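# Per-entry structural report
Read off the chains here:
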Amino acid sequence: MRIAEISSPDLRQTQSLSQSSDPKSDLLSKLESLTSEIESHSPGSPLPETLTANLRHGLTQLTSLAPFHNSVKLQVWKLSYRLWNACVDFSNFVRSSSSSSNITDEHAKLRQVSADLLFLVVDVSGIPSPYFKCASFFYKTGTIWHDLRSYNLASSCFEKATDLTSKIEIANVSDGEERKLLLDLHIARAKTAWEVSDRNLAVNLLNRSKRVLFGIGENYLDLANQYMSFGKLILSKNEVSGVNEALKLMSEALELCEKGLRNVKKQDETLNLKELRLKTLRFMAASHLQRDEFESVLKCVRVLRDGEKGEDHPSSSVLAMKAWLGLGKYGEAEKELKSMVVNKGIPEGIWVSAMESYLQAVGNSGAETVLGVFLGLLGRCRISAGAAIRVVQRVVGDSVNGDEGRLRSKVVAEFVSNDKVVALFSGQLAAIERSGMHTLLWNCAADYFRSKDYEVSAEMFEKSLLYVPHDIENRSLWAKGYRVLCLCHLGRSQLDRAQEYIDEAAKLEPNIACAFLKFKIYLQNKDDNGAITQLQAMETCIDFTPEFLSLSAHEAISCRAIPVAVDSLTRLLTFFPLNKPMPTTEVIVFRTLITILIQEVQNDTEVLKYMKRAHARFSDIGPERFFGTGEVGRRERNWFALNLWNNGLKSGQEKNYRICVELFKMCAEYYSVMIDEQIEGNNLMVCKSLILAVSAMLAGEKPSTNALSDNEVKQAIELLERAGKILMSGSTGTHVDDDQNTTIEPHFYFIYILSAYDLYTRLDSTESKQLTLIKNYTNSRYCNPNHLFQIGLNALEGPRTNTEVATFCFNSCISSLLSSPSPDYKTVALILRKLVTITSVRKGNVDDDGDDNDGVYGIYKKASRMMVGLKAREFPVEEGKWFAMSAWNRAALPVRLGQMVEAKKWMDMGLELAGRVAGMDTYKSCMEDYVSGVEKKVQTQGHLIVGT
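Keep in mind the model is a prediction, meaning the values are calculated, not measured. (Residues numbered from 1 in each chain as written. Predicted model: local features only at pLDDT ≥ 70, side-chain atom pairs only at ≥ 80, totals over all residues. Heavy atoms only, no water.)

## Brief notes about the overall build of the chain
What counts, and what does not: By definition, any uninterrupted DSSP run of H or I lasting at least four residues is a helix, any uninterrupted run of E lasting at least two residues is a strand, and each is numbered from the N terminus. Only protein chains enter the calculation, and the probe is 1.4 Å; a residue is then buried if its accessible area is under 20% of its type maximum, exposed if over 50%, and partly exposed in between. We get accessible surface area from the Shrake-Rupley algorithm with a probe of 1.4 Å; when it comes to residues, only the shown protein chains can shield them.
When helices and strands are tallied, the chain shows 46 helices and zero strands. For the chain, the proportion of its 948 residues judged to be buried stands at 46%. Entry remark: accessible area of the chain is about 48,500 Å², with carbon and sulfur atoms responsible for 50%.

What follows is the structure, encoded as structure tokens:
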């Protein structure tokens, strides 16, 4: 019979009345039950809304029963902390999870309930600083509500926390965390008030915060930062009316920084305050500039430069220049502008902005002056060809940057194309001057070409050709001019004109340069097939060299023409076996080619193909000739190996196991290559690669219906044996204090053991080998009880059961867990249940040798001894109940068979276990009554099955 059936109706009625007689106890039990349910709730799934509602309802009922005895307060205090800790676990899970889930309203409500529970019994005795602890709960809960944009709830929490801390004199607060809480609470209230547009209250709260700085540098810094934050928020709205308010806030921040620098002596805190002080001054200067208070801006800049010790901040020169411009002092502004050019720390964007401001203020007077001078010089250029060259050279000058330079160049182009000017350079007498003018215009065009101003560059190149005679001697110069004009129009994406010029150049001088420019035109036309065909034509040119294939690859990469880049690099690889002079090394070509392929999706097969091709090459010519020697060679080798490793991992994640296996096998081959006979940590990576290759082979079986063939199993075992030799050789590190880079990670060793075990199960007569493998793992320094437990489960529940291995793993796991300072009794209890199952199947319920220390009874005895001395609920209650009830139920069969000694043994064990499990007092009482009845009526048959 069941225990529930043994207790009489009168007893059950009495228990019910006693339990309902104290409503506080009922409510506390209800709250504890709900708390336990929340503690056992999976962090990965959303919280049911009913849990929070029930907790809130229970809290409301409990509030109506106040006041409470101190013992009840302590119980409520513990419940609050348990609920809070559960919320902390949920938060930690959300932060560590890769999902996009955030803290939800239900989570915040749970935190609120926990804080309200603590507030209900805040005057408990026996707990230090209860008001501060409760205030901390409300502060953290308010912070969460603030993050959820529930500002009213956040404000309510902060106000409760403020009321709690106000009961304590500030002068009596000496604990650092409590002091920090006072300041953080004021700042948090201010931020919440600011969010609800109550600026006055927000600023008032910041002003109150000055009373709780306690002379701590971090506090000065936090409060000043908050003043600055509010000031920057106002400035960001670009409201003229808000500039004064922003300045006041920043002045407060500046005053706090200066006060902090007077009171704080620690160097790191002083540096932070100084940095914030300078930052505040810069923002204040910007605010003054926005109000056109230029003198105030210059005052701030002077203070900044005095404080920056010669390291002028980029914004200081900009602020000063704009202030001088505002005052109309352009000479001083020009000095500031020049000083910015010298300052290498100023970003280009700031310099350009300052330049624009300068030009906007000064106007076009500078450009007009230059144009006037140029026109004056132009009037004097009618004397001789030499004079014209000198004028043009002076006007062009050394710089071609900016609009003025373009204007001067355009005027020069118009001047040199004038028929009268060209006539000055005609005839044999002016040959030297004509060549000089051509060179001058060509160099000017080349400068614009280098600055990528292709429009002006093309115009200047065209004008330079006016000074080249049409004869056979200058045929090459005309072809060169056409080619460079082709480049200019390519830069402007005028492909038709570029095609016309390069066709003319090819007629005058067909060579590899013309073929290469035609290739560029195909690329810009997005004609990949035409570009690949042009690559073939380039190889037929008389002056072709492999360097043009390298250039073609770079051009194709810049145009994102991946097939063309691959084709050009593949062609380039064919020249290396010919031992011709090459523009680069073979390993760089392979590396570039593989890098291109890796960037495109679904190219793992191609990557593997070229990795194998590179492997074949260095196997043929030797690794040092292929990769290089010394550190350079090792870096090159490691690049290939690392990319194989990364692609192998990616293929594994994409469940492309066939490619994954090949990639890791090839990775092992690369890492096994020695450069200058230095192995370093390569054996470690070889071992890892082999282990992952076998793991991928085994993983590939699961999505497919085809199991590994015998040959594949043997191949996998060979790979693992190779990895095992490396593990056992000690080359991967055998000392506990070895560096992480020279020792294999425990999870890799576990994968090795798990894979080896799986493969050994597929061969005949390998059971002893499996056990030996697991024993070796148990004796290694990589042994992990969780891994042992998983191996045991695989041995017990896998397709090929091995109870001997499972038993060994479970026993070893228990020993390891119990040797820990804080054993995981939940896992221990689960393992003991598994051992009960295994032993029951192997030996039956009755021990073969009658020894209590062996068999099923021995396991129950071990569980009972383990519970001795443990705190309440330290051993899982549910597991303890299972052991107690199942031990009791095992007496049922011996009772039916009349084996009273055996039955009495199991009854005693059930009683012993029930006495050590919380919440089984009623069961134990019923058990004792039944045992007494059995002893009196030995001949009576009874049912001993206890409900579970």
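## Some details on the layout of surface pockets
Formally: In the cavity and pocket records, a cavity denotes points on a 1 Å grid over the protein atoms alone where a 1.4 Å probe fits but cannot get out, a pocket denotes an open set with protein on both sides within 12 Å along at least 5 of 7 lines, and lining residues are residues with an atom within 4 Å of a point. Grid points are joined across faces, edges and corners, and a volume is the space filled by probe spheres set on the points. Polar here means any residue other than Ala, Val, Leu, Ile, Met, Phe, Trp, Tyr, Cys and Pro, which are nonpolar, and Asp, Glu, Lys and Arg, which are charged; Gly is therefore polar.
The space that makes up the largest pocket amounts to roughly 820 Å³. The set of elements that each furnish at least two residues to the lining of the largest pocket consists of α3 (23–39), α41 (825–843) and α43 (877–889). The class makeup of the residues in the lining of the largest pocket is four nonpolar, five polar and ten charged.

## Some remarks on unusual backbone geometry
Of note, the phi angle at arginine 149 is positive, near 65°, even though the residue is not glycine. Of note, arginine 149 is situated in the loop between α7 (130–147) and α8 (151–165). At serine 493, a position not held by glycine, the phi torsion is positive, near 60°. Structurally, the position occupied by serine 493 is in the loop between α24 (475–491) and α25 (495–508).

## Some words on the side chain of serine 689
Let me state the cut-off plainly: In what follows, residue pairs with any heavy atoms lying within 4.5 Å of each other are defined as contacts.
Within the secondary structure layout, serine 689 lies in helix α35 (residues 682–699). Leaving out residues up to four positions away in the same chain, serine 689 has contacts with Trp645, Phe664, Cys667, Ala668 and Tyr671.

## Considering the packing of helix α5 (residues 70–96) against α7
Helix packing geometry: the angle between the two helix axes and the distance between the axes. To be explicit about the condition: An axis is simply a line fitted to the C-alpha atoms; with a helix, the fit covers only the stretch in contact. Between two such axes, the angle follows the N-to-C directions and lies from 0 to 180 degrees. Roughly parallel here means an angle under 35 degrees, roughly antiparallel means over 145, roughly perpendicular means 65 to 115, and every remaining angle is called oblique. By convention, the crossing between two helices is left-handed when the near helix turns anticlockwise from the far helix through less than a right angle, and right-handed when the turn is clockwise.
Across the interface, α5 lies against α7 with an axial gap of 13 Å and an inter-helix angle of 30°. As the angle between them shows, α5 and α7 are arranged roughly parallel. The two elements α5 and α7 meet at a crossing, and its hand is left-handed. In this structure, α5 uses Trp77, Ser80, Tyr81 and Trp84 to contact α7, whose residues at the interface are Pro130, Lys133, Phe137, Lys140 and Thr141.

## Examining the environment of glutamate 245
Examined against the element boundaries, glutamate 245 turns out to sit in helix α12 (residues 243–263). A relative accessible area of 27% means that glutamate 245 is categorised as partly exposed. With residues near it in sequence (within four places) discarded, glutamate 245 still touches Arg199 and Ile234.

## Re the pattern of salt bridges
Selection rule: In the sections that follow, a salt bridge refers to a side-chain nitrogen of Lys or Arg positioned within 4 Å of a carboxyl oxygen of Asp or Glu.
All chains considered together, the criterion is met by 31 salt bridges. Between arginine 82 and glutamate 39 there is a salt bridge; the shortest N-O distance is 2.8 Å. With arginine 82 in helix α5 and glutamate 39 in helix α3, this pair connects stretches of sequence that are 43 residues apart. Assessed through its relative accessible area of 25%, arginine 82 is described here as partly exposed.

## Quick notes on the state of the cysteines
Defined as follows: Any two cysteine sulfur atoms within 2.5 Å of one another count as a disulfide.
In the structure shown here, the tally under the stated rule is zero disulfides. Its sulfur unpaired, cysteine 488 is 9.2 Å from the next cysteine sulfur, which belongs to cysteine 486. Cysteine 488 gets classed as buried once you look at its relative accessible area, which sits at 0%.

## A short note on the environment of leucine 572
Tracing the backbone through its elements, the reader meets leucine 572 in helix α29 (residues 562–573). By relative accessible area, which is 1% here, leucine 572 ends up buried. Sequence-wise, leucine 572 and phenylalanine 548 are 24 residues apart; in three dimensions their C-alpha atoms are separated by 9.2 Å.

## Observations regarding the nonpolar core
What counts is decided by this rule: To define a nonpolar core, start from buried Ala, Val, Leu, Ile, Met, Phe, Trp, Tyr and Cys residues and group those joined through side-chain atoms within 4.5 Å.
Among the nonpolar cores identified, the biggest contains 143 residues, and Val564, Phe640, Tyr670, Leu832, Tyr860 and Met907 are the most heavily contacted of them. Looking at which element gives the most residues to this core, the answer is α35, with 13 residues. What tyrosine 670 contacts, discounting residues up to four positions off in sequence, is Met611, Ala614, His615, Phe618, Phe627, Arg637, Phe640, Ala641 and Leu644. Leu79, Phe138, Ala193 and Ala224 belong to the second largest nonpolar core, which has 83 residues in total.

## Brief notes about the confidence of the model for the chain
Do not read the predicted coordinates in detail wherever pLDDT is low. Note the cut-off: One number per residue, pLDDT, summarises how confident the predictor is, and it ranges from 0 to 100.
The share of residues in the chain with pLDDT of 70 or more is 82%, and the mean pLDDT across the chain is 78. In this model, residues 1–21 is a region of pLDDT below 50 whose contacts with residues beyond four sequence positions or in other chains number 21 contacts.

## Considering the packing of aromatic side chains
As a reminder, the rule being used: Only Phe, Tyr and Trp rings take part, Trp by its six-membered ring, and two of them pair if their centres are within 6.5 Å. Stacked means planes under 30 degrees apart, edge-to-face means over 60, and tilted covers everything else.
Taken as a whole, this structure holds 35 aromatic pairs when the rule is applied. Centroid distance tryptophan 194 to phenylalanine 230: 4.1 Å. Interplanar angle 5°. Geometry classified as stacked. Here the residue tryptophan 194 occupies a position in helix α9 (residues 176–195), and phenylalanine 230 occupies one in helix α11 (residues 217–236), the gap between them amounting to 36 residues. Using a relative accessible area of 11% as the deciding quantity, one classes tryptophan 194 as buried. For phenylalanine 230, a relative accessible area of 2% gives the class buried.

## Comments concerning helix α34 (residues 657–671)
Which entries qualify depends on this criterion: For a helix, the expected span equals 1.5 Å multiplied by the number of residues minus one.
With 15 residues, α34 extends 21 Å from end C-alpha to end C-alpha; this agrees with the ideal 21 Å at 1.5 Å per step. All of the buried residues along α34 are Tyr657, Ile659, Cys660, Val661, Leu663, Phe664, Met666, Cys667, Ala668, Tyr670 and Tyr671. Packing partners of the buried residues in α34 comprise α31 (604–621), α32 (623–627), α33 (630–653), α35 and α36 (710–729).

## Details of the packing of helix α13 (residues 267–290) against helix α15 (residues 314–326)
Between α13 and α15, whose axes approach to 11 Å, the crossing angle comes to 20°. Taken together, α13 and α15 sit at an angle that is classed as roughly parallel. Relative to α15, the crossing made by α13 is left-handed. Seen from α13, the contacting residues are Arg282, Ala285, Ala286 and Leu289; seen from α15, they are Ser315, Leu319, Lys322 and Ala323. Taken together, the residues of the contact of α13 with α15 sort by class into five nonpolar, one polar and two charged.

## Description of α3
Basically, it comes down to this: Note: the arc covers the axis-to-C-beta directions of the helix.
In a regular helix each residue adds 1.5 Å, so 17 residues correspond to 24 Å; α3 covers 24 Å between its end C-alpha atoms and thus fits that length. Of the positions making up α3, those classed as buried are Lys24, Leu27, Leu28, Leu31, Leu34, Thr35 and Ile38. Within α3, the buried residues cover an arc of 125° as seen down the axis, which keeps them to one side. Its buried side turned inward, α3 meets α4 (49–64), α5 and α6 (105–120).

## Structural notes on the side chain of glutamate 879
Here glutamate 879 lies in helix α43. Setting aside its immediate chain neighbours within four residues, glutamate 879 contacts Ala829 and Arg833.

## Regarding the environment of valine 264
Among the structural elements, valine 264 can be located in the loop between α12 and α13. Among the residues examined, valine 264 registers a relative accessible area of 5% and is labelled buried. Between the C-alpha atom of valine 264 and that of isoleucine 216, which follows or precedes it by 48 residues, the distance is 6.9 Å. Residues contacting valine 264, with those up to four places away along its chain left out, are Gly215, Ile216, Gly217, Tyr220, Glu269, Thr270 and Leu273.

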